[in-house]
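One-letter residues, chain by chain:
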Amino acid sequence: MAVYFAFHSIRTVVVTTLACSLLLQIAYFASVLFLIWRSGCASRSGQRAEHFGVATQLECQPPDDDEVVRNKSADVPPVFPMGGISLLH
């Protein structure tokens, strides 16, 4: 709508819409490839640790779950899957 009001041309609207949709598809494809690469890197680091018998520190390891739990505030009540807050806590 903004392109139409700015340029008063249906042709410009169609070209701009197609260009934006193509750009979004490329960004989506690249992000999926990045996530696949990252998950493969994490699984390879686990296999290497099993192979050598020690945990190695790699730059693509996911964050430690224990660290995430330690950073949570004790003042905040837990939130449950349906978005509710426990009143029995």
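## Details of the overall build of the protein chain
- Looking only at helices and strands, the protein chain has 3 helices and 0 strands in total.
- Starting at the N terminus, the α and β elements of the protein chain follow one another as α-α-α.
- Across the 89 residues in the protein chain, those meeting the buried criterion constitute 6%.
- Carbon and sulfur atoms provide 66% of the accessible area of the protein chain, an area that totals close to 8,300 Å².

## Focus on the packing of aromatic side chains
- According to the stated counting rule, one finds 2 aromatic pairs in the structure shown.
- Taking 5.8 Å as the distance between ring centres and 35 degrees as the angle between the ring planes, the aromatic pair formed by F34 and W37 counts as tilted. Remark: W37 and F34 occur in helix α2 (residues 10–52); sequence separation between them is 3 residues, near one turn of the helix.
- Owing to a relative accessible area of 44%, F34 belongs among the partly exposed residues under this scheme.
- Classification of W37 by relative accessible area gives partly exposed; the value is 48%.

## Focus: unusual backbone geometry
- One non-glycine residue, H8, lies in positive phi territory at about 55 degrees.
- Looking at the secondary structure, you find H8 in the loop between α1 (2–7) and α2.

## A word on a nonpolar patch on the surface
- Together, M1, Y4, F5, I10, V14 and L18 make up an exposed nonpolar region whose accessible area comes to about 670 Å².
- Elements with a contribution of two residues or more to the nonpolar patch: α1 and α2.
- With 3 residues, the single largest contributor to the nonpolar patch is α2.
- Relative to the helices and strands, Y4 is located in helix α1.

Rules of the game
Residues numbered from 1 in each chain as written. Predicted model: local features only at pLDDT ≥ 70, side-chain atom pairs only at ≥ 80, totals over all residues. Heavy atoms only, no water. Helix = DSSP H or I, 4+ residues; strand = E, 2+ residues; numbered from the N terminus. Buried < 20%, exposed > 50% of the residue type's maximum accessible area, 1.4 Å probe, protein only. Areas by Shrake-Rupley, 256 points an atom, 1.4 Å probe, with all protein chains shown as cover. Phe/Tyr/Trp six-rings, centres within 6.5 Å; stacked < 30°, edge-to-face > 60°. Patch = residues over 30% accessible without salt bridge, like charges linked within 9 Å, V, L, I, M, F, W, Y side chains within 5 Å. Salt bridge = Lys/Arg side-chain N within 4 Å of Asp/Glu carboxyl O.

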